[in-house]
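Reading the structure
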Amino acid sequence: MISIRNLSYHIDGVAILDDITIDLPKGKVTALVGPNGAGKSTLLSLIARLEPLQCGTIDIGALTIGQCSNRQLAKQISILPQMTEHVPRLSVRELVSFGRFPYHQGRPGPEDEAKVDEALQVFDLDDLAQRSVVDLSGGQRQRAQIAMTFAQDTEYMLLDEPLNNLDIAASRALMARIRELAHSYNKTIVVVLHDINYASRYADWIIALSAGKTAAAGSPAEIVTPKLLGDVFKSDAEIRMIDGHPVVLV
Amino acid sequence: MRVTAWYWAGLIGLALISICSLFVGVIDLSASDLLHDKEALRVLGISRFPRTMAAIIAGAAMAVSGSVMQMLVRNRFVEPMTAGTGQGAALGILIVTLFFPAASIFVKMAIATVTALVASLGFLVIVRRLPPTQPLLVPLVGLIYGGIIGAAVVFVAYQADLLQYISVWLNGAFSGVLRGRYELLWLAAGGAVLTYFAADQFAIVGMGQTITTSLGLDYKQIVLVGLIAISAISALTVTTVGIIPFVGLIVPNIVSRLFGDNLRRTLPLVAITGAGLTLVSDIIGRIVRYPFEVPVGTVLGVIGAVVFLWLLFRKPQYA
Ligand SMILES: Nc1ncnc2c1ncn2[C@@H]1O[C@H](COP(=O)(O)OP(=O)(O)OP(=O)(O)O)[C@@H](O)[C@H]1O
Ligand SMILES: [Mg+2]
């Protein structure tokens, strides 16, 4: 479980996150939703210790952020950032292999190679393995980056808008894979999603963030309501129940 | 697999260039002389062999430093000798010459390394403030920054009547290399070999702070270690043969374009190519105005400027 207690974060005196206290349940898929600028990426980067904590605490399983080594955390938690800063001139396979670095520190063994092969296969990258990441389409590159995160093979995974650039088949396959990892391998996965329907259909738990505060938290059936759409997203879209899942009509 | 074939091709090419280098120069030498002429053997041992080794090591070390610096700064158009590190080293040597003329060579090296490091850190601080959307500003700022430090060195040297000394450091040349006067460069070679052990770390740092941290590495620590390595290599090179420009810029760019940025795979090729380019430039410098010599720094300045412009105009989006 990831427990966040009284987390606040300011940039230049402006509150980005305001006293957030939430638990992200273990072995479940949690969707983080909210309008642009709500603070979702900031929250993920704090959980992933990419920015130093200012106020409040974050525990990841038995590890407390700020009190354990970076290297220890790298085998516990991985993050797919929303935007990568720089596209490296690496082949897809090389990029995915770097995800194993916390384990082999530069000397990959057969187990590392096997994990890389698995990640390439799962994300349908076998044919692209030798291609340079620079030459890929946006969606192919996104898949390569996700495969790298999966190769890191951590118990906790944070994925910031993983469906960016993905077509419908790749999106559904990825979400199904995420569910399988959570439920069969007991991984705790947090996904930032903009499409509420994906959250409703694939997540076990939804947390809505609005202006740096938690607006709502609960199962999809409890959360995806006209009131939430109105309060958090300022939208009057209609909602229907299909097969027990709320579906937003767009 | 393809890269290993290139390693071998590169090594064979380098061996051939080295043989040429042994027999080109003011004093006429031919392979048959070596068999019966004692004097010819002496020229080879005292001058030609050291000179060839110096060019190989300096070229390889500068190319490797350039690769590492491009990862640390995350810009493909920088290299230590044009972005202040080399000029910082020259400043350190000048300070030692002015204030501690009796200091041992190791004290001189240590001080030059420190000033080179301070100059590199200064460059990094400036670069971090530049807008990331303007990658071409970085090399321009680097050239100006290096130029300012170089100008300061010249000014102080002029005041102290040391101009002829510093021209040796500021414009690299191998004509002064003799046995007993270049061996410090082997330390630079050692430094370049050591950076190879951190090749993965540098490649990861090149992908950005987010990825570096999430793979469990300390970003700032790796950047600092890398800058120290670059500074020490530059200081050793500048002290023994002077500033060797542009090798660290064009060689990593060409290798990266062809083989990518996986430094563990590409650094050996970067080293071999850097050595070859520098040695060829030195040989050209020996023959264009025969029997006079053009310093290797000048030859590389011309070659480097042309290739640099070509790189700038070809695919700026990778910067
Ligand atoms: N470095 C920064 N300096 C100033 N403000 C920042 C900085 N980073 C983020 N912010 C602000 O913090 C707020 C939250 O940003 P964040 O990226 O966490 O939002 P988000 O919920 O991920 O949005 P999106 O859905 O658009 O990705 C925004 O108002 C943003 O402008
Ligand atoms: Mg975001």
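In this text the structure is predicted, and so the values were computed from the model without any measurement.

**Focus on the packing of helix α3 (residues 38–73) of chain B against helix α13 (residues 263–287) of chain B**
All names here are of chain B.
- Across the interface, α3 lies against α13 with an axial gap of 7 Å and an inter-helix angle of 135 degrees. By the criterion of interaxial angle, the relationship of α3 to α13 is oblique. As for how α3 packs across α13, the hand of that crossing is right-handed. Across from Arg48, Arg51, Thr52, Ala55, Ile56, Gly59, Ala60, Ala63, Val64, Ser67 and Met71 in α3, the residues of α13 making contact are Leu263, Leu267, Val270, Ala271, Gly274, Ala275, Thr278, Leu279, Asp282 and Arg286.
- The residue inventory of the contact of α3 with α13, partitioned by class, reads 12 nonpolar, 5 polar and 4 charged.

**Here we look at the coordination of the magnesium ion (ligand 2)**
Residue and element names in this part refer to chain A.
- For the magnesium ion (ligand 2), the full set of protein donor atoms is Ser41 (OG) and Gln82 (OE1), at a range of 1.9 to 2.2 Å. Of the two residues, serine 41 sits in helix α1 (residues 40–47) while glutamine 82 sits in the loop between β6 (77–80) and α3 (92–98), which places them 41 residues apart along the sequence.
- Residue serine 41 is classed as partly exposed on the basis of its relative accessible area, which comes to 28%.
- Taking relative accessible area as the criterion, glutamine 82 reaches 34% and is therefore assigned partly exposed.

**Some remarks on the interface of chain B and chain A**
- Contacts between the two partners involve 27 residues from chain B and, on the opposite side, 24 residues from chain A.
- Each partner contributes to the roughly 2,300 Å² buried at the junction of chain B and chain A, and carbon and sulfur atoms together form 58% of this total.
- Between A:Glu94 and B:Arg265 there is a salt bridge whose closest N-O contact spans 3.0 Å.
- Counting across the chain B and chain A interface gives 7 residue pairs in polar contact (both at pLDDT 80 or more).
- Within the residue set of the side of chain B that touches chain A, elements represented by two or more residues are α9 (199–205), α10 (209–214), α12 (247–259) and α13 of chain B.
- Among the elements that make up the side of chain B that touches chain A, the one with the highest residue count is α10(B) (5 residues).
- Tallied by class, residues from the side of chain B that touches chain A come to 7 nonpolar, 12 polar and 8 charged.

**Concerning a nonpolar patch on the surface**
Residue and element names in this part refer to chain B.
- A grouping of Leu98, Phe99, Phe100, Phe155 and Val156 is seen on the molecular surface, where their side chains present a nonpolar patch of about 490 Å² in accessible area.
- Of all elements in the fold, only α4 (85–99) and α6 (137–159) reach the threshold of two or more residues within the nonpolar patch.
- Considering the arrangement of structural elements, one finds valine 156 in helix α6.
- On the basis of relative accessible area, valine 156 is assigned to the partly exposed category, the value being 32%.

**A word on the nonpolar core**
- Core analysis: the biggest nonpolar cluster contains 145 residues, and A:Val92, A:Ile178, B:Phe123, B:Phe174 and B:Ile244 have the highest contact counts within it.
- Element by element, the count of residues in this core is highest for α3(B), at 16 residues.
- If we ignore the near neighbours within four places in the chain, the residues touching B:Ile244 are B:Ala58, B:Met62, B:Met81, B:Gly172, B:Phe174, B:Thr237, B:Thr278, B:Val296 and B:Leu300.
- Judged by nonpolar contacts, the second largest core, of 30 residues, contains A:Leu63, A:Cys68, A:Leu73 and A:Val190.

**Considerations on the domain arrangement of chain A**
Residue and element names in this part refer to chain A.
- As assigned here, chain A comprises domain 1 (1–76 + 154–216) and domain 2 (85–153).
- Of note, the centres of domain 1 and domain 2, computed from C-alpha atoms alone, are 22 Å apart.
- On the side of domain 2, 15 residues touch domain 1, which itself brings 19 residues to the contact.
- Between domain 1 and domain 2, the buried area comes to about 1,300 Å², and carbon and sulfur atoms account for 65% of it.
- Looking only at domain 1, the three residues that lose the most surface to domain 2 are Lys75, Thr154 and Arg177, adding up to 31% of its buried area.
- Applying the counting rule to domain 1 against domain 2 returns 2 salt bridges.
- Across the pair arginine 177 and glutamate 118 runs a salt bridge whose closest N-O atoms are separated by 3.8 Å.
- In this structure, the connection of domain 1 to domain 2 is made through 5 residue pairs in polar contact (both at pLDDT 80 or more).
- When residues of the side of domain 1 that touches domain 2 are traced back to their parent elements, those giving at least two are α2 (70–74), β7 (156–160) and α7 (168–185).
- If you tally residues by element for the side of domain 1 that touches domain 2, the top one is α7, at 5 residues.

**Some details on the site of ligand 1**
Residues and elements named next belong to chain A.
- Around ligand 1, 13 residues are found, and the nearest of them are Gly37, Gly39, Lys40, Ser41 and Thr42.
- Here an oxygen atom of ligand 1 sits 2.5 Å away from a polar atom, N or O, in the side chain of threonine 42.
- Relative to its free-state accessible area of 640 Å², ligand 1 is covered by the protein chains to the extent of 57%.
- With 3 residues, α1 is the single largest residue contributor to the shell around ligand 1.
- Split into classes, the residues belonging to the shell around ligand 1 amount to 4 nonpolar, 7 polar and 2 charged.

**Things to note about helix α8 (residues 185–197) of chain B**
Residue and element names in this part refer to chain B.
- The end-to-end C-alpha distance of α8, which contains 13 residues, comes to 19 Å, matching closely the 18 Å that a straight helix rising 1.5 Å per residue would cover.
- Taken residue by residue, α8 has Leu185, Ala188, Gly191, Ala192 and Thr195 as its buried positions. Along α8, the residues classed as buried sweep out an arc of 100 degrees about the axis, all on the same side. Those residues of α8 that are exposed and aimed more than 90 degrees away from the buried face are Val193, Leu194 and Phe197.

**Considering the layout of surface pockets**
- One number sums up the size of the largest pocket: a volume of about 960 Å³.
- Forming the walls of the largest pocket are 36 residues, and the residues nearest its centre are A:Ser91, A:Glu94, B:Phe259, B:Asn262 and B:Arg265.
- Elements represented by at least two residues in the lining of the largest pocket include exactly α3, α4 (101–104) and α5 (110–122) of chain A together with α1 (2–23), α12 and α13 of chain B.

**Considering the packing of aromatic side chains**
- Inspection of every chain in the model, using the stated rule, returns 5 aromatic pairs over all chains.
- Between the aromatic rings of B:Tyr165 and B:Trp169, the centroid separation amounts to 6.4 Å while the plane-to-plane angle is 45 degrees, which identifies the pairing as tilted. In this pair, B:Tyr165 and B:Trp169 are both assigned in helix α7 (residues 163–170), 4 residues apart and thus about one turn of the helix distant.
- Here A:Arg100 stacks its cationic end above the ring of A:Tyr103, 4.3 Å away from the centre of that ring.
- Looking at A:Arg201, its charged tip hangs above the ring of A:Tyr202, at a distance of 5.0 Å from the centre.

**Re the sheet that holds strand β1 (residues 2–11) of chain A**
All names here are of chain A.
- An order of β2-β1-β4-β5 is seen for the 4 strands of this open sheet, with the pairing classed as antiparallel. For this open sheet the edge positions go to β2 (14–24) and β5 (63–64), each flanked by a neighbour on one side alone.
- As defined by bridge partners, β1 adjoins β2 across 7 bridges and the pair is classed as antiparallel. Residue pairing in the sheet places isoleucine 2 in a bridge with leucine 24 of β2.

Parameters at a glance
- Residues numbered from 1 in each chain as written.
- Chains lettered and ligands numbered in written order.
- Predicted model: local features only at pLDDT ≥ 70, side-chain atom pairs only at ≥ 80, totals over all residues.
- Heavy atoms only, no water.
- Axes fitted to C-alpha atoms, helices over the stretch in contact; angles between N-to-C directions.
- Helix = DSSP H or I, 4+ residues; strand = E, 2+ residues; numbered from the N terminus.
- Parallel < 35°, antiparallel > 145°, perpendicular 65-115°, else oblique.
- Left-handed = near helix turned anticlockwise from the far one by under 90°.
- Contact = heavy atoms within 4.5 Å.
- Nonpolar A, V, L, I, M, F, W, Y, C, P; charged D, E, K, R; others polar.
- Donors = N, O, S within 2.8 Å, 3.2 Å for Na, K, Ca; no water.
- Buried < 20%, exposed > 50% of the residue type's maximum accessible area, 1.4 Å probe, protein only.
- Buried area = accessible area lost by both parts, 1.4 Å probe.
- Salt bridge = Lys/Arg side-chain N within 4 Å of Asp/Glu carboxyl O.
- Polar contact = N/O pair within 3.5 Å; in protein donor to acceptor, adjacent residues only side chain to side chain.
- Patch = residues over 30% accessible without salt bridge, like charges linked within 9 Å, V, L, I, M, F, W, Y side chains within 5 Å.
- Areas by Shrake-Rupley, 256 points an atom, 1.4 Å probe, with all protein chains shown as cover.
- Core = buried A, V, L, I, M, F, W, Y, C linked by side-chain atoms within 4.5 Å.
- Domains from an automatic or database assignment.
- Near = heavy atom within 4 Å.
- Expected span 1.5 Å × (residues − 1).
- Arc of directions from axis to C-beta.
- 1 Å grid on protein atoms, 1.4 Å probe; cavity = no way out; pocket = protein on both sides within 12 Å on 5 of 7 lines; lining within 4 Å.
- Points joined across faces, edges and corners; volume = space filled by probe spheres on them.
- Phe/Tyr/Trp six-rings, centres within 6.5 Å; stacked < 30°, edge-to-face > 60°.
- Lys NZ or Arg CZ within 6 Å of the ring centre and 35° of its normal.
- Pairing = 2+ DSSP bridges.

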